[in-house]
Amino acid sequence: MPEVMTQLHEEHRNITKLLEALERQLALFDTAEDLDYEVIEAIADYFVSFPEQSHHPKEDLIYRKMCERDPSLAQAVTDLEAEHVKIGTLAGHFQEAVQNVLQEVEVSRSAFEEVANHFLRDQRRHLEMEEAQFFPLTLKTLTPEDWAEIDRQVTRHEDPVFGSDVAQKFEALRDAILEWEDEARKG
């Protein structure tokens, strides 16, 4: 498998962990427990930064190369670049909702949950589409030369949550995820 695809699959696994962390926090609404807004804020910050700076540009590069290789695929596959703009916008709305709560702007619980759940659903749908349709199609379409060219063009950024050097604002999030994973292994 091309190196960039290995990276993208790993990033999808990590993104899934973040979505599970958000779902875990949102489930606390149902039990009337307090949400950990430090964790929620870190999740929102992650989704407006890392995917836009590193993850989506790699996928967009692959998408453009795939459409260049076989222009008929542009109609057969979701316009990935437009899809990334859409989910980037939803991430921004989610981050704004989190900031409003943190700044004590009056936001109803149901309005916050609606924004968060919309964000979650669309992120999950997007990941599933890429894993089930886009990635397999790229592996069938692109040549080893295409992959070598893509690998040369890809800019690599370390994941600020799951990389070897966790950014300070993501430490509580990383610790929470590791704790939940440990509980799941023991449970």
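The preceding data block contains the structure.
Residues numbered from 1 in each chain as written. Predicted model: local features only at pLDDT ≥ 70, side-chain atom pairs only at ≥ 80, totals over all residues. Heavy atoms only, no water.

S.K.: Give a description of empty space enclosed by the protein that names residues and reports values.
M.R.: The full count for this structure, using the stated rule, is one cavity of 30 Å³ or more. Size it by volume and the largest cavity reaches roughly 50 Å³. Along the walls of the largest cavity sit Ile 15, Phe 47, Pro 51, His 55, His 56, Ile 87, Gln 123, His 126, Leu 127 and Glu 130, which together make up its complete lining. When the residues that make up the lining of the largest cavity are grouped by side-chain class, the tally is five nonpolar, four polar and one charged. (1 Å grid on protein atoms, 1.4 Å probe; cavity = no way out; pocket = protein on both sides within 12 Å on 5 of 7 lines; lining within 4 Å. Points joined across faces, edges and corners; volume = space filled by probe spheres on them. Nonpolar A, V, L, I, M, F, W, Y, C, P; charged D, E, K, R; others polar.)

S.K.: Mind laying out the packing of aromatic side chains, listing which residues take part and the relevant values?
M.R.: This structure, assessed with the given rule, holds nine aromatic pairs. Measuring from ring centre to ring centre gives 6.2 Å for Tyr 46 and Phe 170, while their planes differ by 85°; the resulting arrangement is edge-to-face. Here Tyr 46, found in helix 2 (residues 37-69), pairs with Phe 170, found in the loop between helix 6 (144-153) and helix 7 (171-186); they are 124 residues apart in sequence, far enough to count as distant. Centroid distance Phe 94 to Phe 119: 4.8 Å. Interplanar angle 10°. Geometry classified as stacked. In this pair, Phe 94 is assigned in helix 4 (residues 80-102) and Phe 119 in helix 5 (residues 109-141), connecting sequence segments 25 residues apart. (Phe/Tyr/Trp six-rings, centres within 6.5 Å; stacked < 30°, edge-to-face > 60°. Helix = DSSP H or I, 4+ residues; strand = E, 2+ residues; numbered from the N terminus.)

S.K.: So what's going on with the environment of Thr 89? Which residues, and what values?
M.R.: The residue Thr 89 is located in helix 4 in this model. Classification of Thr 89 by relative accessible area gives partly exposed; the value is 40%. Through-space distance from the C-alpha of Thr 89 to that of Val 48 is 8.6 Å; in sequence the pair is 41 residues apart. (Buried < 20%, exposed > 50% of the residue type's maximum accessible area, 1.4 Å probe, protein only.)

S.K.: Any details on the packing of helix 4 against helix 5? Residues and values, ideally.
M.R.: Axis separation between helix 4 and helix 5 bottoms out at 9 Å; the angle between their running directions is 155°. It follows that helix 4 is roughly antiparallel to helix 5 by the angle criterion. Judged by the twist between their axes, the crossing of helix 4 over helix 5 is left-handed. Listed contacts from helix 5 to Leu 80, Glu 83, His 84, Lys 86, Ile 87, Leu 90, Ala 91, His 93, Phe 94, Ala 97, Val 98 and Val 101 of helix 4 are Phe 112, Val 115, Ala 116, His 118, Phe 119, Asp 122, Gln 123, Arg 125, His 126, Met 129, Glu 130 and Phe 134. Residues belonging to the contact of helix 4 with helix 5 are distributed by class as follows: 14 nonpolar, five polar and five charged. (Axes fitted to C-alpha atoms, helices over the stretch in contact; angles between N-to-C directions. Parallel < 35°, antiparallel > 145°, perpendicular 65-115°, else oblique. Left-handed = near helix turned anticlockwise from the far one by under 90°. Contact = heavy atoms within 4.5 Å.)

S.K.: So what's going on with the nonpolar core? Residues and values would help.
M.R.: The biggest cluster of nonpolar side chains holds 34 residues, and the ones touching the most others in it are Leu 18, Ile 43, Phe 47, Phe 94, Phe 112 and Leu 173. Contributing elements (two or more residues each) for this core: helix 1 (3-31), helix 2, helix 4, helix 5 and helix 7. Beyond its immediate chain neighbours, meaning those up to four positions away, Ile 43 contacts Leu 18, Ala 21, Leu 22, Phe 94 and Leu 173. (Core = buried A, V, L, I, M, F, W, Y, C linked by side-chain atoms within 4.5 Å.)

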